[in-house]
Amino acid sequence: MAFETITVEIEDHVALIRLDRPEALNALNRELAGELCQALREADANDKVRCIVLSGSEKAFAAGADVKEMARLRYVEVFGDNLFAGLNDQFAATRKPIVAAVAGYVLGGGCELAMACDFIIAADTAKFGLPEINLGIIAGIGGTQRLVRAVGKAKAMDMNLTGRFMNADEAERAGLVSRVVPAKKLMEEAMGAAQKIAEKSQISVMAAKEAVNRSFETTLAEGILFERRLFHSMFATEDQKEGMAAFLEKRQAQFRDK
Ligand code: CO8
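Everything numeric here is computed off the predicted structure, so don't read it as measured data.

Quick look at the sheet that holds strand 6 (residues 105–107)
Logical step 1: The sheet built from 4 strands is open, its strands ordered 4-6-8-9 with mixed pairing. This sheet does not close on itself; its edge strands, each paired only once, are strand 4 (60–62) and strand 9 (165–167). Neighbour-to-neighbour, the strand axes of this sheet turn through a mean angle of 20 degrees, independent of strand direction.
Logical step 2: Where strand 6 and strand 8 (residues 127–129) come together, 3 bridges link them in parallel fashion. What sits directly across from Leu 107, in strand 8, is Gly 129.
Logical step 3: Contacts between helix 5 (residues 109–116) and the sheet are confined to strand 4, strand 6 and strand 8, with strand 6 contributing the most and set at about 90 degrees to the helix.

Shown next, in the form of structure tokens:
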């Protein structure tokens, strides 16, 4: 289906979803949130898609939630609508990996969206920040929670309380992003990473994602047990047999997601 605020292309098993509200630096409004949820749901359900890349433009991944839309809202409306709760829920429910490819402004809800992805590849032009504090509000799509887990309390507090921006180098040093590349190479790098993931057995990819995400929700002992059980379960798959046979026979594995 045609979307108004995002574009979706599927190429070689990778769904590339781009935020597309250039007039507002891709600010997240309710329409965009709804369309993004739908696109993620559809990509997750589409057998042709094995990995998802979420991106914006060269100027902005997204400059936050749409202040023009939010400014007039009252408590009863944001509470009643559970504003943006659906986005967090949809990211949590998506089983295929989501790679964020970000450039330019990655602010507020945009930064939170990037952090909801499985990992972030950043252009050297990326600027990360949680400037909600300047608007008399706080982060509301996970910024106070996920940033602490990504970079630790000191920087997370600094960003949440001062609203200062972090450049791509600082973000990489702090562990917020996995790679920084020249802006011109961003999409090539992100699509390349997604293609690499798409080549693997989807069963082991989804299991690895589930296991890493469990580490945020549980104790180390429980997480290690969860991982071991998933690891054991891999031996019930044909892809484990194929992956190991291919290694021993010195050939490329042909995974069939079975
Ligand atoms: N919302 C709406 N419109 C925006 C936004 C935004 N967040 N950001 C930029 N725009 C619009 C501008 O209004 C402008 O449009 P117009 O010309 O019609 O006024 C256009 O995009 C271009 O922006 P600028 O002219 O400001 O471009 P600059 O290059 O001068 O500045 C900045 C770029 C620094 C990014 C600047 O636009 C800015 O500070 N933007 C706002 C950043 C911000 O405060 N983000 C946080 C928003 S709040 C939020 O994200 C909350 C998330 C959690 C909600 C959870 C609810 C439960």
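Let us keep going from here.
Describing the pairing of strand 3 (residues 51–55)
Logical step 1: Extensive coverage of strand 3 is indicated by the burial of 5 of its 5 residues.
Logical step 2: By the bridge criterion, 5 bridges tie strand 2 (residues 14–19) to strand 3 in an arrangement that is parallel. Paired with Val 14 across the strands is Cys 51, a residue of strand 3.
Logical step 3: Each parallel crossover has a hand, and the one from strand 2 via helix 1 (residues 30–45) to strand 3 is right-handed.

Observations regarding the site of the ligand
Logical step 1: Neighbouring residues of the ligand: 22 residues in total, closest Ala 27, Gly 64, Gly 108, Gly 109 and Gly 140.
Logical step 2: Of all elements in the fold, only helix 2 (67–70) and strand 6 reach the threshold of two or more residues within the shell around the ligand.

Thoughts on the environment of Glu 42
Logical step 1: Positionally, Glu 42 belongs in helix 1.
Logical step 2: C-beta crowding within 10 Å serves as the criterion here: with 15 such atoms nearby, Glu 42 is assigned to the partly exposed category.

A few points about helix 10 (residues 202–214)
Logical step 1: For helix 10, with 13 residues, the first-to-last C-alpha span of 18 Å sits near the 18 Å given by 1.5 Å per residue.
Logical step 2: Among all positions in helix 10, only Gln 202, Ile 203 and Val 205 are buried.
Logical step 3: Where helix 10 is buried, its residues contact helix 9 (186–199) and helix 12 (238–248).

Things to note about unusual backbone geometry
Logical step 1: Even without glycine at this site, Asp 12 takes up a positive phi of about 45 degrees.
Logical step 2: Mapping Asp 12 onto the fold places it in the loop between strand 1 (6–11) and strand 2.
Logical step 3: Despite not being glycine, Phe 84 has its phi angle at roughly 70 degrees, a positive value.
Logical step 4: Here Phe 84 shows up in the loop between helix 3 (75–81) and helix 4 (85–93).

Observations regarding the nonpolar core
Logical step 1: Residues Val 53, Val 99, Val 102 and Ala 122 are the most contacted members of the largest nonpolar core, which totals 68 residues.
Logical step 2: Aside from chain neighbours lying at most four places away, what touches Ala 122 is Val 102, Ala 168, Ala 171, Val 177 and Val 180.

A closer look at the domain arrangement of the protein
Logical step 1: Domain assignment breaks the protein into domain 1 (6–198) and domain 2 (201–248).
Logical step 2: Each of domain 1 and domain 2 was reduced to a C-alpha centroid, and the two centroids are 27 Å apart.
Logical step 3: Taken together, the contact between domain 1 and domain 2 spans 6 residues of the former and 5 residues of the latter.
Logical step 4: Broken down by class, the residue content of the side of domain 1 that touches domain 2 amounts to 2 nonpolar, no polar and 4 charged.

Examining the packing of helix 1 against helix 4
Logical step 1: Contact geometry for helix 1 and helix 4: axes closest at 9 Å, N-to-C directions at 15 degrees. When the axes of helix 1 and helix 4 are compared, the pair comes out roughly parallel. Judged by the sense of rotation from one axis to the other, the crossing of helix 1 with helix 4 is left-handed. Of the residues in helix 4, those touching helix 1 at Ala 33, Leu 36, Cys 37, Leu 40 and Arg 41 are Gly 86, Leu 87 and Gln 90.
Logical step 2: In terms of residue class, the contact of helix 1 with helix 4 is built from 5 nonpolar, 2 polar and 1 charged.

Looking at the sheet that holds strand 7 (residues 119–123)
Logical step 1: Taken in spatial order, the 6 strands line up as 1-2-3-5-7-10 in an open sheet, and their pairing is mixed. Taken across any chain shown, the strands that pair with only one partner, and hence form the sheet edges, are strand 1 and strand 10 (179–181). Across the sheet, the axes of successive neighbouring strands diverge by a mean angle of 20 degrees, strand direction being ignored.
Logical step 2: Relative to the sheet, helix 9 contacts strand 2, strand 3, strand 5 (98–102), strand 7 and strand 10, its axis offset from that of strand 3 by approximately 160 degrees.

Conventions adopted
Residues numbered from 1 in each chain as written. Predicted model: local features only at pLDDT ≥ 70, side-chain atom pairs only at ≥ 80, totals over all residues. Pairing = 2+ DSSP bridges. Helix = DSSP H or I, 4+ residues; strand = E, 2+ residues; numbered from the N terminus. Axes fitted to C-alpha atoms, helices over the stretch in contact; angles between N-to-C directions. Contact = placed C-beta atoms within 7 Å. Buried ≥ 20, exposed ≤ 12 C-beta atoms within 10 Å, placed from the backbone. Right-handed = clockwise from strand over helix to strand, strands pointing away. Near = placed C-beta within 6 Å. Expected span 1.5 Å × (residues − 1). Core = buried A, V, L, I, M, F, W, Y, C linked by C-beta atoms within 7 Å. Domains from an automatic or database assignment. Nonpolar A, V, L, I, M, F, W, Y, C, P; charged D, E, K, R; others polar. Parallel < 35°, antiparallel > 145°, perpendicular 65-115°, else oblique. Left-handed = near helix turned anticlockwise from the far one by under 90°.

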